[in-house]
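# Chains, contacts and geometry: an overview
One letter stands for each residue in the lines below.
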Amino acid sequence: MNRFFTTDILQNGTARISGDDVKHITKVLRLRAGDEVEICDERGKECEAKIVSIMPSFVILKTGEWKQSNAEPEHKVTLFQCIPKAGKMETIIQKCVELGIMRIIPVQSARCVALPKGDFERRLERYQRVSLEASKQSKRGFVPQIKKPELLETLDLGGFDTVIVAYEGEKEASLKSVLRGREVGGRIAIIVGPEGGFEPSEIDTLSQKGAIPVTLGNRILRTETAGMAILAQVMYEVE
Ligand code: SAH
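Presented here is an overview of the structure given in this document. (Residues numbered from 1 in each chain as written. Predicted model: local features only at pLDDT ≥ 70, side-chain atom pairs only at ≥ 80, totals over all residues. Heavy atoms only, no water.)

Our next topic: the site of the ligand. Around the ligand, a shell composed of 19 residues is seen, among which A166, E168, L216, R219 and L221 lie nearest. Within the side chain of E168, an N or O atom sits 2.8 Å from an oxygen atom of the ligand. One of the backbone nitrogen or oxygen atoms of G217 is found 3.1 Å away from a nitrogen atom of the ligand. Computed on the free molecule, the ligand has an accessible area of 560 Å², of which 83% lies beneath the protein chains in the complex. (Near = heavy atom within 4 Å. Polar contact = N/O pair within 3.5 Å; in protein donor to acceptor, adjacent residues only side chain to side chain. Areas by Shrake-Rupley, 256 points an atom, 1.4 Å probe, with all protein chains shown as cover.)

Let's shift gears to the environment of P73. Inspection of the secondary structure assignment puts P73 in the loop between β6 (67–68) and β7 (76–82). A relative accessible area of 9% means that P73 is categorised as buried. Between the alpha carbons of P73 and Q233 there is a distance of 14 Å; along the sequence they are 160 residues apart. The residues touching P73, leaving out its near neighbours within four places in the chain, are G100, R140, M235 and E239. (Helix = DSSP H or I, 4+ residues; strand = E, 2+ residues; numbered from the N terminus. Buried < 20%, exposed > 50% of the residue type's maximum accessible area, 1.4 Å probe, protein only. Contact = heavy atoms within 4.5 Å.)

Our focus in this paragraph is the packing of aromatic side chains. Tallying each qualifying case throughout the model produces three aromatic pairs. Here the aromatic rings of F120 and Y127 are separated by 6.2 Å at their centres, their planes lie at 70°, and the arrangement is edge-to-face. Overall, F120 belongs to the buried group, its relative accessible area being 8%. Residue Y127 is classed as buried on the basis of its relative accessible area, which comes to 3%. Across the ring face of F58, the terminal group of R16 is positioned such that the distance to the ring centre comes to 4.8 Å. (Phe/Tyr/Trp six-rings, centres within 6.5 Å; stacked < 30°, edge-to-face > 60°. Lys NZ or Arg CZ within 6 Å of the ring centre and 35° of its normal.)

Looking now at the state of the cysteines. Disulfides are covalent bonds that connect the sulfur atoms of two cysteines. Taken as a whole, this structure holds zero disulfides when the rule is applied. Just so you know, C40 is unpaired, no disulfide at all, and the nearest cysteine sulfur is the one on C47, 8.4 Å from it. Judged by relative accessible area, C40 falls into the buried class, the value being 0%. Sulfur of C82: no disulfide; nearest cysteine sulfur belongs to C112 and is 5.1 Å away. The class for C82 is buried, based on a relative accessible area of 0%. (Disulfide = S-S within 2.5 Å.)

Turning our attention to the pairing of strand β12 (residues 187–192). The element β12 is extensively covered by neighbouring structure, given that five of its six residues are classed as buried. In the sheet, β7 pairs with β12 via six bridges, with the strands oriented parallel. Looking across to β12, one finds that L79 is bridged to I190. Bridge count for strand β11 (residues 162–166) against β12 is five bridges, and the pairing is parallel. Across the sheet, T162 pairs through a bridge with I188, a residue of β12. Crossover handedness for the path β11 to helix α4 (residues 175–181) to β12: right-handed. (Pairing = 2+ DSSP bridges. Right-handed = clockwise from strand over helix to strand, strands pointing away.)

So, on to the packing of helix α2 (residues 88–99) against helix α3 (residues 121–137). Axis separation between α2 and α3 bottoms out at 9 Å; the angle between their running directions is 30°. Between α2 and α3, the interaxial angle falls into the category roughly parallel. When the axes of α2 and α3 are compared, the crossing they make is right-handed. Of the residues in α3, those touching α2 at M89, E90, I93, Q94, V97 and E98 are R126, Y127, V130, S131, A134, S135 and Q137. (Axes fitted to C-alpha atoms, helices over the stretch in contact; angles between N-to-C directions. Parallel < 35°, antiparallel > 145°, perpendicular 65-115°, else oblique. Left-handed = near helix turned anticlockwise from the far one by under 90°.)

What follows deals with the nonpolar core. Formed by 31 residues in total, the largest nonpolar core has its most connected members in V77, L79, I93, I101 and V234. Ranked by the residues each element gives to this core, the list is headed by helix α6 (residues 223–238), at six residues. If we skip the residues at most four places from it in the chain, L79 touches I92, C96, I101, R103, I104, I105, I190, V192 and G227. (Core = buried A, V, L, I, M, F, W, Y, C linked by side-chain atoms within 4.5 Å.)

Approximately 380 Å³ is the volume found for the largest pocket. In terms of residue class, the lining of the largest pocket is made up of nine nonpolar, six polar and six charged. Its volume calculated, the second largest pocket comes out at about 260 Å³. Lining the second largest pocket are 15 residues, and of these S18, D20, D21, L132 and K136 lie nearest its centre. Looking at the lining of the second largest pocket, the elements with two or more residues in it are β2 (14–18), α1 (20–28) and α3. Tallying contributions element by element places α3 first for the lining of the second largest pocket, with four residues. (1 Å grid on protein atoms, 1.4 Å probe; cavity = no way out; pocket = protein on both sides within 12 Å on 5 of 7 lines; lining within 4 Å. Points joined across faces, edges and corners; volume = space filled by probe spheres on them. Nonpolar A, V, L, I, M, F, W, Y, C, P; charged D, E, K, R; others polar.)

Below, the structure is given as structure tokens:
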């Protein structure tokens, strides 16, 4: 069944779809009143819905019974991604959304090449669209949020049960030993450095806040590969 995201859900058992999806429903899928689709509220709930009427700029649907999406992982993983060179963040967002990330926070660290200039808002809008498209494609019930950039040195890691920082300088603690050696809890954070890696002092600061530095093995992964590799392993281990 075709699936759409909408937050425009009304009290009386109806919902509205607007924007580009209207064209998709009418011109591409050629759906009509009476046809059924699946809708998601972007927050993890979904239901079957019947098209009641089609207007030029929106579609009205009668909603069925809402239920929790079973595509959503129980463990809520946040990726703190040090800002990579232009264009890579889109790939990171797309892949991590497919793999079940809950939110992504771009981070500015000492060796970031592409520091966010002035207006980051437009970039964030684009990133959020990438997240929406990847959520649709992977049939998630939740659209992960891409947050405003934060500074590495002032990251607040207080709300997490386990914080893993992938550190190319770590020689002993493996991801496996961390995931298997303790109760990881439901709120997990992953921190990945930029192309140039981390300064040792940054790792000290993060460790003092409870982050655990881990090695991902003897090969150095690109920054855009590291987050998705860790996420896949975390999901394999905990879900
Ligand atoms: N320029 C650095 C590598 C940076 S790789 C060097 O040559 O040493 C970019 C980021 O990906 C790193 O900061 C780290 O967060 C992660 N990463 C890549 N490979 C890793 C590995 N083998 N172990 C731990 N982290 C790794």
